[in-house]
Amino acid sequence: MTLLTILRYPDPRLHTVAKPVAAVDARIRAIARDMLETMYEAQGIGLAASQVDVHERLVVIDISEGHDQPLVLINPEIVWASPETQVNDEGCLSVPGVYDGVQRASAVRVQALDLDGQLRTHSAEGLLAVCIQHEMDHLMGKVFVEYLSPLKRNRIKTKMIKQKKDEERDAVR
Ligand code: NI
């Protein structure tokens, strides 16, 4: 297994629209495994392939406390979303240290292939529903900060660029 590098906002590659996975094969299973390992290592609950510079429709999620209930969604499609919405503070491994409220559907039904290439339907509400919508946005090239006001977004952008510079400076010391 390999730990993958997570792209950081405002890296322009995060805005790439992912293509459908052509075949659920050994290559895709290996990427999914590495993504799960990378997500657990980074203490995240979801990771989209876009975030590790793989622009195919694949996301991994695990909202369990024990990190033992991985969910892999390949070519996910939301087939139903509740008209009711909820606002939750969201964070993102590509925008470390930033949390802000985003309004999303309270419940969704999503169809996706699993690692065996079987089409499955998942009904989700609460945190899992939020997470699925957040990760699927990544596949469309959208990062959650794009739901925030331009003022907030610019502040975050500046903060992220400074953070990266500080890290690079510390690295050469
Ligand atoms: Ni994210």
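Report on the accompanying structure. (Residues numbered from 1 in each chain as written. Predicted model: local features only at pLDDT ≥ 70, side-chain atom pairs only at ≥ 80, totals over all residues. Heavy atoms only, no water.)

**Points about the packing of aromatic side chains**
Rules: Aromatic rings from Phe, Tyr and Trp, with only the six-membered ring used for Trp, were paired whenever their centres fell within 6.5 Å, and each pair was classed as stacked if the ring planes differed by under 30 degrees, edge-to-face if by over 60, and tilted otherwise. The criterion for a charge sitting over a ring is simple: Lys NZ or Arg CZ within 6 Å of the ring centre, and within 35 degrees of the ring normal.
The tally for this structure, following the rule as stated, stands at zero aromatic pairs. Cation over ring: Lys 142 sits above Tyr 147, and NZ or CZ is 4.0 Å from the ring centre.

**Some remarks on helix 1 (residues 26–41)**
Selection criterion: The secondary structure listing takes helices from DSSP runs of H or I that are at least 4 residues long and strands from runs of E that are at least 2 residues long, numbered from the N terminus. Here the expected length of a helix is defined as 1.5 Å per residue gap, with one fewer gap than residues. Note on contacts: a residue pair is in contact if any heavy atoms of the two residues lie within 4.5 Å.
Compared with an ideal rise of 1.5 Å per residue, which puts 16 residues at 22 Å, helix 1 spans 22 Å between its outermost C-alpha atoms and is within 8% of the ideal. In this fold, the buried residues of helix 1 make contact with strand 1 (46–48), strand 2 (58–61) and strand 3 (71–81). Just downstream of helix 1 lies Gln 43, where phi reads positive at about 60°.

**Examining the sheet that holds strand 7 (residues 119–125)**
The line we're drawing: The rule for pairing is simple: two strands pair if DSSP sees at least two bridges between them. Axes, fitted as lines to C-alpha atoms, cover a helix only where it is in contact. Angles between the N-to-C directions of the axes lie from 0 to 180 degrees.
Reading across the sheet, the five strands line up as 1-2-3-6-7 and stay open at both edges, with antiparallel pairing between neighbours. Strands with a single pairing partner mark the edges of an open sheet, and in this sheet they are strand 1 and strand 7. Each strand of the sheet is rotated relative to its neighbour by a mean of 40°, with strand direction disregarded. For strand 6 (residues 107–113) and strand 7, the ladder comprises seven bridges, and the chain directions are antiparallel. Within strand 7, the residue paired with Val 110 across the bridge is His 122. Against the sheet, helix 1 makes contact with strand 1, strand 2 and strand 3, and its axis sits at roughly 40° relative to strand 2, the strand it touches most.

**Observations regarding the environment of Thr 2**
Note the cut-off: Buried means the residue's accessible area, taken with a 1.4 Å probe over protein chains only, is under 20% of the maximum for its type, while exposed means over 50%, and partly exposed covers the values in between.
Examined against the element boundaries, Thr 2 turns out to sit in the segment before helix 1. Using a relative accessible area of 43% as the deciding quantity, one classes Thr 2 as partly exposed. For the pair formed by Thr 2 and Ala 30, sequence separation is 28 residues and the distance between their alpha carbons is 9.2 Å. For Thr 2, the residues in contact, after removing those within four places along its chain, are Asp 34, Glu 37 and Thr 38.

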